Amino acid sequence: MKRSGITLIALIITIIILLILASITITAIFENNIIDMAITGVENYTKSAQDEQDALDEIEDELNEILNPNNGVILSMDKNSISYLKVNAVSDENMSEISSYTFQTSLTNLDEDFKTVEIINSTEKLCNYEYHNLEEGTIHYLRVVVTYKKGKTKTSNLIKACTTKLCTGPFPVIKTCDTCKRKWYCNSK
């Protein structure tokens, strides 16, 4: 009987000690903002991981620009004529990322001389464009700047193109442009 009484008292003391320890722990958690600190730690970790991913994405973009001289945007000639040049612009990005195509022209290949001819809002990977009302027999430098939804831009390769001069008979004849030395078949005026 003595033994069971001592065991019962030891059990009660143990329960009281556990309740006191639980009370101290709960008080410490709320007074020291341990839960808030844990939540802040998770938020900081998440932000840090996102910042690291953004930095890695920027590094990837920079490496792609170095390794791919066409910058992921290819401009190609489709057709030239007396007063217009038709081009195709192709972006290697996902269509959901593309916002617009800015078609530019210049009479030199200097960046500061390029003028925007037209901005086409499009999310397609391919955008066709015709440069109109160009002076005939003149060399034009063409390029396109693709703007993406995150705000970054990529500039295409340059195309050096010449509008042809009017054909004069007798027809048919093969003509050569005085300016760019390009040959074309001419069968009417």
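In this text, all values refer to a predicted model and were calculated from it rather than measured experimentally. (Residues numbered from 1 in each chain as written. Predicted model: local features only at pLDDT ≥ 70, side-chain atom pairs only at ≥ 80, totals over all residues. Heavy atoms only, no water.)

Looking at this structure, I do not really get the overall build of the chain. What am I missing?
Looking only at helices and strands, the chain features 2 helices and 10 strands. By the burial criterion, 25% of the 189 residues in the chain qualify as buried. The contacts of the chain with a sequence gap of at least 6 include a subset with a gap of at least 24, amounting to 54%. Put simply, the chain shows about 13100 Å² of open surface, and 58% of that area lies on carbon and sulfur atoms. (Helix = DSSP H or I, 4+ residues; strand = E, 2+ residues; numbered from the N terminus. Buried < 20%, exposed > 50% of the residue type's maximum accessible area, 1.4 Å probe, protein only. Contact = heavy atoms within 4.5 Å. Areas by Shrake-Rupley, 256 points an atom, 1.4 Å probe, with all protein chains shown as cover.)

Hey, could you run me through the environment of Ser100 in this one?
With respect to the element layout, Ser100 can be found in strand β3 (residues 98–106). Spatially, the C-alpha atoms of Ser100 and Ser122 are 5.0 Å apart, while their sequence positions differ by 22 residues. With residues near it in sequence (within four places) discarded, Ser100 still touches Ile119, Ile120, Asn121, Ser122, Val145, Val146 and Thr147.

Any chance you could explain the nonpolar core here in plain terms?
Looking at soluble globular proteins, one finds that nonpolar side chains tend to be buried together. Counting residues in hydrophobic clusters, the biggest one holds 15 residues, and the most contacted among them are Val87, Tyr101, Phe103, Tyr131 and Leu142. Looking at this core, the elements that each hand over two or more residues are β2 (85–91), β3, β5 (126–131), β6 (139–148) and β8 (159–162). With 4 residues, β6 is the largest single contributor of residues to this core. (Core = buried A, V, L, I, M, F, W, Y, C linked by side-chain atoms within 4.5 Å.)

Is there a simple way to explain the packing of aromatic side chains in this structure?
Between two aromatic rings, the relevant description is the distance of the centres plus the angle of the planes. Under the counting rule described, the total for this entry stands at 4 aromatic pairs. Plain terms: the ring middles of Tyr129 and Tyr131 are 5.0 Å apart, the flat faces sit at 90° to each other, and that makes the pair edge-to-face. The burial state of Tyr129 is the same as that of Tyr131; both residues are buried. Positioned over the ring face of Phe114 is Arg143, at 4.0 Å from the centre of the ring. (Phe/Tyr/Trp six-rings, centres within 6.5 Å; stacked < 30°, edge-to-face > 60°. Lys NZ or Arg CZ within 6 Å of the ring centre and 35° of its normal.)

When you look at the side chain of Arg143 in this model, what are you seeing that I'm missing?
Note on placement: Arg143 falls in strand β6. There is a polar contact of 2.8 Å between the side chain of Arg143 and the side chain of Asp111. (Polar contact = N/O pair within 3.5 Å; in protein donor to acceptor, adjacent residues only side chain to side chain.)

How should the pattern of salt bridges be read in this particular structure?
Pairing between side chains becomes possible if they bear opposite charge and their charged atoms approach one another. Scanning all chains against the criterion turns up 2 salt bridges. Put simply, Asp51 and Lys47 hold a salt bridge, and the shortest N to O gap is 2.9 Å. Residue Asp51 and its partner Lys47 are both found in helix α2 (residues 34–67); the two are separated by 4 residues, about one turn of the helix. Here Asp111 and Arg143 are joined by a salt bridge, their closest N and O atoms 2.8 Å apart. Of this pair, Asp111 sits in the loop between β3 and β4 (115–121) while Arg143 sits in strand β6; the two residues are 32 residues apart in sequence, bridging distant segments of the chain. (Salt bridge = Lys/Arg side-chain N within 4 Å of Asp/Glu carboxyl O.)

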